[in-house]
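# What the coordinates show
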Amino acid sequence: MRSQGDKNIKMVAEGSRRDFFIKFGQIGTFALVGGTLWSGFLSNAKSHAFVLRAPGALPEDDFLATCIKCGQCVDACPFQTLSLAKVGERAQIGTPGFSAREIPCYMCEDVPCARACPTGALDRGIDINQSRMGLAVLLDQESCIAFQGLRCEVCYRACPLLDKAITLDYRTQKRTGKHAYFEPIVHSEFCTGCGKCEHVCILEESAIRILPLELAQGKLGENYRLGWKDKSRITRDFKSESDSGTQTSNKEIQQEQRNRVMDSLNDEGTLYE
Amino acid sequence: MSNIIYRNRFAISRRICQLSILLLFYTSFIYDWKIGGVEVLEGNLSASTLFGMIPLTDPYAAFQILFSGHSLLFDTLMGAVIILGFYLVFGGRAFCSWVCPVNMITDNAQKLRARFKIPSLLKINRRARYWILGLSLVLSFLSGVAAFEWISPISMLHRELIYGMQMGWVGVAVIFLFDLFIQKQAWCGHLCPLGGFYSILGRVSLLRINFNKEKCTKCGDCHRICPEPQVLNLAVIFKEEMVYSGNCTNCGRCITQCPEECFQFSLRKSRPDNQESLLKEINFSENESN
């Protein structure tokens, strides 16, 4: 009797083990198929978009992970610059961004959009003049009328960091021999990518455009040493003399830049002197 | 008339609650509605700011972001703790029946399918939501973005109701048709991982449905009206005299439906000891009443 009972128990155990494996397989299959489709969608969504983010946005990967898509930055923006991306737009659905040609960033001193961000996807402590939403690039010299020898300067005048982010380069115009080209030049050291230049460009399609930094910028290899800029002595491994030294000097340079930056909107009458 | 209102008092107050929360978000954004200089409710269900200072965060979204390997600001974590605390008191899935905008759609789908007696085509397990919940956390970890937040029809609908309607209605339409033609309560009762998340919370939450077994005539009216009928398994609630299952949404349908008035809201009592055998029955009933 007792052995019979044991056998029954064993059979039940085997049955439940069998059930367990079958169930495990079934659920595992669902999880695998669903997970593959789902992660395929995610990796597609994560691919970098051609979009300008609000000031203080973290690097794109971190931004996409931490942005909770609540729209509080959109709500906070007094110029209705920001909007949450819709289906079919360049940005990932629900994430905030702006189109400079339509409404640029007006570079509020208190950066209400970044202050409103609950998750830190936008850096709350950002100094607006240090923000890098993108970089202005004079993309089409063929249509920019300044390069045809006509007087324009509109982008130069609209720039909040006048004479810093965009300067004018004067060059003799060979066609007439007595006039000059006034060519706008963008400096990445100061340009925040606010997009006012793109917004005001008088052409039907703007010749100057804000591009995301990774599209706009090249990168010089570390093996290059520009002797007229880098005054430190050459070492054997072609690195700067001491790392700590360059770090402090970088900080100093940043501080100096910050001091030099003067927003023309917040000018108290000393900028043009 | 007053009788009809009284009989539907929970259904009516749930709609009022859902719509007024939506309206608060909407007016705060569109009309910049302010009281004493601060916006009343800024943001959406994913994250918001109440009265310009109290942060509120969807705890499930916060979990996903943490799983994606990113830290969160103190405010965000505080917001998640506030919401967690709120639903620990008012019942985990109170979110589903009192706040979530998708509930309005699925409730109507359920009403319609009952009227036209549409049979279920699929038999999804009610525990699928926990698997999807787990999967979303694993995928958040692997992909580095909050996995469910990227596809969530709930956040999409709510976001677009406030910030401008686009394609969010497609996901909602799919849910509606699925609930209507494919399976009863397919989304809210089987698949939604946010519901699964709040179900787990509901297992320990304070506000529960009390069951008076002396009055019960076993007519089954509560079973027919309940969106999660497995929580009203008679064998279980006769022993426990309270709905302990986290799946209960505290919608109050059973309270108004029961002709003997067996049900009422009450605070959680300590659960009877014979949990082992009860757990089996609950599992059994979950499988049975798909």
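Details of the structure are given in the entry above.
Only a predicted model underlies this, so the values are computations on that prediction, with no experimental measurement involved. (Residues numbered from 1 in each chain as written. Chains lettered and ligands numbered in written order. Predicted model: local features only at pLDDT ≥ 70, side-chain atom pairs only at ≥ 80, totals over all residues. Heavy atoms only, no water.)

### Comments concerning the overall build of chain B
Scanning chain B from N- to C-terminus turns up 16 helices and eight strands. Against the globule reference of 19 Å for 290 residues, chain B gives a C-alpha radius of gyration of 19 Å, in line with a compact fold. With the C-alpha coordinates of chain B rotated into their principal frame, the extents come out at 55 × 50 × 40 Å. When each of the 290 residues of chain B is scored for burial, the buried share is 51%. Here chain B carries 28 positive and 21 negative side-chain charges, and the mean point of each set is 7 Å from the other. (Helix = DSSP H or I, 4+ residues; strand = E, 2+ residues; numbered from the N terminus. Rg over C-alpha atoms; globule rule 2.2 N^0.38 Å. Buried < 20%, exposed > 50% of the residue type's maximum accessible area, 1.4 Å probe, protein only. Lys, Arg positive; Asp, Glu negative; His and termini not counted. Charge placed at Lys NZ, Arg CZ, Asp CG, Glu CD.)

### Comments concerning the overall build of chain A
Looking only at helices and strands, chain A has eight helices and six strands in total. Reading the helices (α) and strands (β) of chain A from amino to carboxyl end gives α-α-α-β-β-α-β-α-β-β-α-β-α-α. Across the 273 residues in chain A, those meeting the buried criterion constitute 39%. The contacts of chain A with a sequence gap of at least 6 include a subset with a gap of at least 24, amounting to 64%. Summing over all exposed atoms, chain A offers an accessible surface of approximately 16,800 Å²; the carbon and sulfur share of this is 53%. (Contact = heavy atoms within 4.5 Å. Areas by Shrake-Rupley, 256 points an atom, 1.4 Å probe, with all protein chains shown as cover.)

### Here's the deal with the packing of helix H2 (residues 9–30) of chain B against helix H6 (residues 102–115) of chain B
Residue and element names in this part refer to chain B. One way to put it is that H2 packs onto H6 with a least axis distance of 10 Å and a crossing angle of 145°. Residues Arg 14, Arg 15, Gln 18, Leu 19 and Leu 22 of H2 lie in contact with H6, whose contacting residues are Asn 103, Met 104 and Asp 107. Of the residues that constitute the contact of H2 with H6, the class distribution is three nonpolar, two polar and three charged. (Axes fitted to C-alpha atoms, helices over the stretch in contact; angles between N-to-C directions. Nonpolar A, V, L, I, M, F, W, Y, C, P; charged D, E, K, R; others polar.)

### Some remarks on a nonpolar patch on the surface
All names here are of chain B. Among the surface-exposed residues, Phe 63, Leu 66, Phe 67, Leu 77, Val 138, Phe 141 and Leu 142 lie close enough to one another that they form a single nonpolar patch of about 660 Å² accessible area. Considering the arrangement of structural elements, one finds Val 138 in helix H7 (residues 128–143). Under the relative-accessibility criterion, Val 138 is labelled partly exposed at 44%. (Patch = residues over 30% accessible without salt bridge, like charges linked within 9 Å, V, L, I, M, F, W, Y side chains within 5 Å. Salt bridge = Lys/Arg side-chain N within 4 Å of Asp/Glu carboxyl O.)

### A few points about the sheet that holds strand S3 (residues 41–44) of chain B
All names here are of chain B. Overall, antiparallel pairing links the three strands, which are arranged S3-S4-S5 in an open sheet. Across the chains shown, the open sheet's two edge strands, defined by having one partner strand only, are S3 and strand S5 (54–57). Each adjacent strand pair in this sheet contributes to an overall mean axis angle of 15°, direction not counted. The pairing of strand S4 (residues 47–50) with S5 spans four bridges and is classified as antiparallel. Looking at S5, one finds that Thr 49 is bridged to Pro 55. (Pairing = 2+ DSSP bridges.)

### Quick look at the packing of H6(B) against helix H10 (residues 168–182) of chain B
A pair of packed helices can be characterised by two numbers: the angle between their axes and the separation between those axes. All names here are of chain B. Packing of H6 against H10 brings their axes to within 8 Å, and their N-to-C directions diverge by 25°. The orientation of H6 with respect to H10, classified from their angle, is roughly parallel. Once H6 is placed against H10, the crossing between them reads as right-handed. Mapping the contact onto sequence places Val 102, Ile 105, Thr 106, Asn 108, Ala 109, Leu 112 and Arg 113 in H6 and Val 172, Ile 175, Phe 176, Asp 179, Leu 180, Phe 181 and Ile 182 in H10. Partitioned by chemical class, the residues of the contact of H6 with H10 number 10 nonpolar, two polar and two charged. (Parallel < 35°, antiparallel > 145°, perpendicular 65-115°, else oblique. Left-handed = near helix turned anticlockwise from the far one by under 90°.)

### Concerning the interface of chain B and chain A
Contact with chain B, which involves 41 residues of that partner, is made by 34 residues of chain A. Summed over both sides, the interface of chain B with chain A buries roughly 3,100 Å², with 68% coming from carbon and sulfur. Remark: the boundary between chain B and chain A carries one salt bridge. For the salt bridge of Arg124(A) with Asp75(B), the shortest nitrogen-to-oxygen distance reads 3.3 Å. Across the contact surface, chain B and chain A share 10 residue pairs in polar contact (both at pLDDT 80 or more). Listing elements by their share of the side of chain B that touches chain A, those giving two or more residues are H2, S3, S4, helix H3 (59–67), helix H4 (74–90), H7, helix H8 (147–151) and helix H9 (153–163) of chain B. Examining the composition of the side of chain B that touches chain A, we find that six residues originate from one element, H7(B), more than from any other. Counted by class, the side of chain B that touches chain A contains 19 nonpolar, 15 polar and seven charged residues. (Buried area = accessible area lost by both parts, 1.4 Å probe. Polar contact = N/O pair within 3.5 Å; in protein donor to acceptor, adjacent residues only side chain to side chain.)

### Considerations on the environment of Gln173(A)
All names here are of chain A. Examined against the element boundaries, Gln 173 turns out to sit in the loop between strand S4 (166–172) and strand S5 (180–186). Overall, the relative accessible area of 2% leaves Gln 173 in the buried class. Through-space distance from the C-alpha of Gln 173 to that of Gly 149 is 6.8 Å; in sequence the pair is 24 residues apart. Beyond its immediate sequence surroundings of up to four residues, Gln 173 is in contact with Gln 148, Gly 149, Lys 178, His 179, Ala 180 and Tyr 181.

### Thoughts on the sheet that holds strand S7 (residues 242–243) of chain B
Residues and elements named next belong to chain B. The sheet built from three strands is open, its strands ordered S7-S6-S8 with antiparallel pairing. In the strand order of this sheet, the two ends are held by S7 and strand S8 (263–267), each with one partner. Relative to S8, strand S6 (residues 207–211) runs antiparallel, the two being bridged by five bridges. Considered in S8, the bridge of Arg 208 is made with Ser 266.

### Some words on unusual backbone geometry
All names here are of chain A. The backbone of Lys 69 sits at a positive phi, close to 65°, despite the residue not being glycine. In this fold, Lys 69 is placed in the loop between helix H2 (60–66) and helix H3 (72–76). In this structure Lys 69 comes out as buried when scored by relative accessible area, which is 3%.

### Examining the side chain of Ser48(B)
Note that Ser48(B) resides in strand S4. Ser48(B) gets classed as buried once you look at its relative accessible area, which sits at 5%. Among residues more than four places away in sequence, those in contact with Ser48(B) are Gln72(A), Phe25(B), Leu41(B), Glu42(B), Gly43(B), Ile54(B), Pro55(B) and Leu56(B).

### Some points on the pattern of salt bridges
Considering all chains together, one arrives at 13 salt bridges over all chains under this definition. For Glu153(A), the salt bridge identified is with Arg151(A), shortest N-O distance 2.6 Å. The class for Glu153(A) is buried, based on a relative accessible area of 10%. The partner of Arg93(B) in a salt bridge is Glu228(B), with the nearest N and O atoms 2.6 Å apart. Of the two residues, Arg93(B) is situated in the loop between H4 and helix H5 (94–98) and Glu228(B) in the loop between helix H13 (221–225) and helix H14 (234–240); the sequence distance between them amounts to 135 residues. The pair formed by Arg93(B) and Glu228(B) is uniform in burial state, with each residue classed as buried. Each of Arg14(B), Arg15(B), Asp107(B) and Arg253(B) takes part in a single network of salt bridges with overlapping partners.

Geometric descriptors of this kind do not, in isolation, establish any biological role.
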